[in-house]
Amino acid sequence: MPQPLDVERLRPAPTLLKGLPSANPRREVRLLFVGRLERAKGVDVLLEAFARIAPRMNARLWIAGDGPEYPNLTHTAIRRRMSDRVHFLGYRSDVGDLYRAANLLVIPSRAEGGSLVALESIAS
């Protein structure tokens with residue numbers, strides 16, 4: 001079933017990004033994943049890749065979404081000692097603000113041919 005792109009939801013909101021750690025945007029790279037936390041989305045691969053690059057750069061990984069892989073993913077972040085740099089944001093209605101605040105959108109999917117998240121990011 002086609003999913004329409006809801007551009008109204010992506011417009012800038014006059015609110016601050018709640019629940020995100022404050023940081024100096026000039027000194028930090030902010031990576032963003034948006035989606036359901038399930039195996040097909042590849043967030044486990046993203047966490048392992050982030051664990052390799054994080055020691056060499058000042059970066060944070062924001063993971064917006066929820067789903068059945070949440071316990072495994074949070075355990076991986078703790079086990080890899082990344083809890084201070086990986087932030088599980090849960091379901092967010094302010095994804096347009098997240099897209100604008102992030103430096104990079106990451107789509108590590110194992111199965112998607114086209115991504116609504118990529119279009120949303122471009123639209124915002």
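Look up a bit, the structure's there.
So, a few notes on the structure that sits alongside this text. The model shown is predicted, which means the values in this text are computed figures rather than measured ones.

### With respect to helix 3 (residues 70–79)
At step 1: All buried positions along helix 3 are accounted for by Leu73, Thr74, Thr76 and Ala77. Across the axial projection of helix 3, the buried residues extend over an arc of 155 degrees, all falling on one side.
At step 2: As for helix 3, its buried residues are in contact with helix 2 (43–53) and strand 3 (86–90).
At step 3: A positive backbone phi angle near 55 degrees is found at arginine 81, which sits one or two residues after helix 3.

### Some details on the packing of helix 2 against helix 3
At step 1: In the contact formed by helix 2 and helix 3, the axes pass within 10 Å of each other and the chain directions differ by 10 degrees. Taken together, the axis directions place helix 2 and helix 3 in an arrangement best described as roughly parallel. Note on element contacts: helix 3 touches helix 2 through Leu73, Thr76 and Arg79, opposite Val43, Asp44, Leu47 and Glu48.
At step 2: A breakdown of the residues in the contact of helix 2 with helix 3 according to their chemical character gives three nonpolar, one polar and three charged.

### A closer look at the sheet that holds strand 3
At step 1: Pairing within the open sheet is parallel, and its four strands lie in the order 3-2-1-4. The open sheet has two edge strands, strand 3 and strand 4 (104–105), and neither has a second partner.
At step 2: Examined bridge by bridge, strand 1 (residues 29–34) and strand 4 share two bridges and lie parallel to one another. Directly across from leucine 31, in strand 4, lies its bridge partner leucine 104.
At step 3: The strands touched by helix 2 are strand 1, strand 2 (59–64) and strand 3; relative to strand 2, the strand with the most contacts, the crossing angle is about 170 degrees.

### Observations concerning the side chain of threonine 76
At step 1: Considering the arrangement of structural elements, one finds threonine 76 in helix 3.
At step 2: When near neighbours in sequence (up to four residues on either side) are disregarded, threonine 76 contacts Leu47 and Glu48.

How each quantity is defined
- Residues numbered from 1 in each chain as written.
- Predicted model: local features only at pLDDT ≥ 70, side-chain atom pairs only at ≥ 80, totals over all residues.
- Heavy atoms only, no water.
- Buried < 20%, exposed > 50% of the residue type's maximum accessible area, 1.4 Å probe, protein only.
- Helix = DSSP H or I, 4+ residues; strand = E, 2+ residues; numbered from the N terminus.
- Arc of directions from axis to C-beta.
- Contact = heavy atoms within 4.5 Å.
- Axes fitted to C-alpha atoms, helices over the stretch in contact; angles between N-to-C directions.
- Parallel < 35°, antiparallel > 145°, perpendicular 65-115°, else oblique.
- Nonpolar A, V, L, I, M, F, W, Y, C, P; charged D, E, K, R; others polar.
- Pairing = 2+ DSSP bridges.

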